[in-house]
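Next come the chains, spelled out residue by residue.
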Amino acid sequence: MQDRRQSPRDKVFYGAVAEINERGSTMDCVVRNISEGGACVEFGDAARLPEEMNLNIARKGRSFLARLIWRQANKVGLAFRIMTSDTPVSDLDERVRRSEIKKRQLQRRIKELLGQG
């Protein structure tokens with residue numbers, strides 16, 4: 001496959017959250033490589049994703065409005081349209097984000113144990 005990127009990507013392993021609709025639905029994901037113009041992002045499963053989403057990378061303190069370019073199994077290529085924030089994330093913000101992720105994981109596990117999921 002021919003690489004058509006305009007700038008080289010750095011290989012990374014960043015946890016991220018994709019906001020996938022206006023109602024605040026989110027999906028946890030992992031950024032595998034990133035450049036100024038886009039990223040390769042891996043999701044836990046091959047979920048149905050919209051053409052546009054917000055990608056929040058807490059470790060970098062950045063959020064991007066991104067457009068889906070390609071999809072291959074549970075990985076997608078995103079092109080960044082605009083950076084929506086570039087502010088450092090406080091320790092409290094990071095701890096709250098981790099708590100919310102853990103809460104969602106525990107809720108899924110409870111549903112599994114109760115036979116609802």
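Each remark here, short or long, concerns the structure printed above.
The following refers to the structure shown. Residue positions are counted from 1 within each chain, in the order its sequence is given. For this predicted model, a pLDDT threshold of at least 70 governs which residues receive local features, and a threshold of 80 or more governs which side-chain atom pairs are given and counted, while totals over whole chains, interfaces and linings are taken from all residues. Excluded from the side-chain calculations are hydrogens and water; all other atoms, namely the structure's heavy atoms, are used.

## A closer look at the overall build of the protein chain
Point 1. Numbering of helices and strands runs from the N terminus, with a helix taken as a DSSP run of H or I at least four residues long and a strand as a DSSP run of E at least two residues long. A count of helical and extended segments in the protein chain gives one helix and six strands.
Point 2. Helices (α) and strands (β) of the protein chain occur, in sequence order from the N terminus, as β-β-β-β-β-β-α.
Point 3. Roughly 8,500 Å² of accessible area belongs to the protein chain as shown, and the carbon and sulfur atoms make up 47% of that amount. Using the Shrake-Rupley algorithm and a 1.4 Å probe, accessible areas are obtained, with residue cover drawn only from the displayed protein chains.

## Digging into the pattern of salt bridges
Point 1. The salt bridge criterion pairs a side-chain nitrogen of Lys or Arg with a carboxyl oxygen of Asp or Glu, the two atoms within 4 Å. The full count for this structure, using the stated rule, is four salt bridges.
Point 2. Between Arg104 and Asp28 there is a salt bridge, and its shortest N-O distance comes to 2.9 Å. Here Arg104 is found in helix α1 (residues 91-113), whereas its partner Asp28 is found in strand β2 (residues 26-34), with 76 residues between them in sequence.
Point 3. The partner of Glu52 in a salt bridge is Arg81, with the nearest N and O atoms 2.2 Å apart. Linking Glu52 in strand β4 (residues 52-57) with Arg81 in strand β6 (residues 75-86), this pair joins segments that are 29 residues apart in sequence.
Point 4. The buried label goes to any residue with under 20% of its type's maximum accessible area, the exposed label to any with over 50%, and the partly exposed label to all in between, with areas taken from a 1.4 Å probe on protein chains only. Using a relative accessible area of 35% as the deciding quantity, one classes Glu52 as partly exposed.

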